[in-house]
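# Remarks on the overall topology
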Amino acid sequence: PNWIDLPLFVQEIMMDDPLVKLYPPISKLNLESREVKFYSLLCTFLLFSIIFAISYFISSFFYTFKKILRTKEKVFWSLAFVRATFGLTCLPIGLYYLSVNDALKKDVVNSTTVLSTMAVYYSVGFFIFECTALYASNIIFRFFDSFLFAHHTLSLYSLSIVAFYGKCHFFAAVALILEGTTPFTCLSWMLLKAEWADAKVWKVNQFILVHLFHCRTMVETYICFISYFQWQTIWSEMPSLLFYTLYIQLVLQLFLLTPYWTYKKTQQMMKPVDWNHPELVEQKTKNGGIVNHTHQD
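The notes below deal with the structure included here.

Cut-offs and rules
- Residues numbered from 1 in each chain as written.
- Predicted model: local features only at pLDDT ≥ 70, side-chain atom pairs only at ≥ 80, totals over all residues.
- Heavy atoms only, no water.
- Salt bridge = Lys/Arg side-chain N within 4 Å of Asp/Glu carboxyl O.
- Helix = DSSP H or I, 4+ residues; strand = E, 2+ residues; numbered from the N terminus.
- Buried < 20%, exposed > 50% of the residue type's maximum accessible area, 1.4 Å probe, protein only.
- Phe/Tyr/Trp six-rings, centres within 6.5 Å; stacked < 30°, edge-to-face > 60°.
- Lys NZ or Arg CZ within 6 Å of the ring centre and 35° of its normal.

## Things to note about the pattern of salt bridges
Note on pairing: side chains with opposite charge can pair once their charged atoms come close. Taken as a whole and judged by the stated rule, the model has 4 salt bridges. Notably, a salt bridge pairs glutamate 32 with lysine 37, separated by 3.8 Å at the nearest N-O pair. As a salt-bridge pair, lysine 193 and glutamate 73 come within 2.7 Å of each other at their nearest N and O atoms. In this pair, lysine 193 is assigned in helix H9 (residues 182-193) and glutamate 73 in helix H5 (residues 71-99), connecting sequence segments 120 residues apart. Comparing lysine 193 with glutamate 73, the two get one shared label, buried.

## Describing the packing of aromatic side chains
In the structure shown here, the tally under the stated rule is 29 aromatic pairs. Ring geometry for tryptophan 77 against tryptophan 189: centres 6.2 Å apart, planes inclined by 65 degrees, an arrangement best described as edge-to-face. One end of the pair, tryptophan 77, is in helix H5; the other, tryptophan 189, is in helix H9, with 112 residues separating them in the sequence. Between tryptophan 235 and phenylalanine 243 the ring centres are 5.6 Å apart and the planes differ by 80 degrees, which places this aromatic pair in the edge-to-face class. Under the relative-accessibility criterion, phenylalanine 243 is labelled buried at 10%. The rings of Phe45, Phe48, Phe52, Tyr56, Phe86, Tyr122, Phe126, Phe127 and Phe129 are connected pair by pair, giving a single aromatic cluster. Taking the ring centre of phenylalanine 76 as reference, the NZ or CZ of arginine 83 above it sits at 5.3 Å.

Rendered as structure tokens:
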């Protein structure tokens, strides 16, 4: 329905929506319809598939990509570029709803905006692509990262439920800030494979990355803080499936995944090594990247 037909307070929120200002016709769409959801997910999946293909093609002209990396790492290189793109686009949205727009914070269960709705669909589409690529690469290359698998699978599951119910956009939008570490994680790995581990740019990037992982903990703690003060609304109005999914994932993120990744990235800053593919680091004759470092215990 056209936003002019909606209550005044909803009009005010939508008029402040950056996406409505950028593309006014989107306000006339029924964003909860199956057609809009389907085409949003499909377009996002195709977008990241194209980014992956372009990254692989362009990278094939680089010496590091062509001469040093094995097939497994070439795929991971292109996936890293896709993940970095997603992280860079998510961070501004998360920061916007954390520090600029309070529309979602007033009612963390029921409040939605055009931007938050499209951001949720965009995120679901990305994680469909990411999980497809992750599962396929795990099978093809016989490699399994349990923490990455758990994180991406839970993210896809929880965001899909948010998209289905059309609720809890505040948590989904603010959680996009957590993806702010992704571009620096990907750049760290790319520089590592390009044998730039001793370069100043890699050390600066790693320092920023470790700092951002500490910021992740602050954001996750902030979500707990908001949950405490709006607990009555959350308990009475949040669907049970969404409730258990959200807080199980929050506990895992806050007390297991984020501390583990913070530790590993701090360790990597002190001793540069590719711990995503540790078995390849030892194969000096087969993999030329980072041959001057030994495998960590």
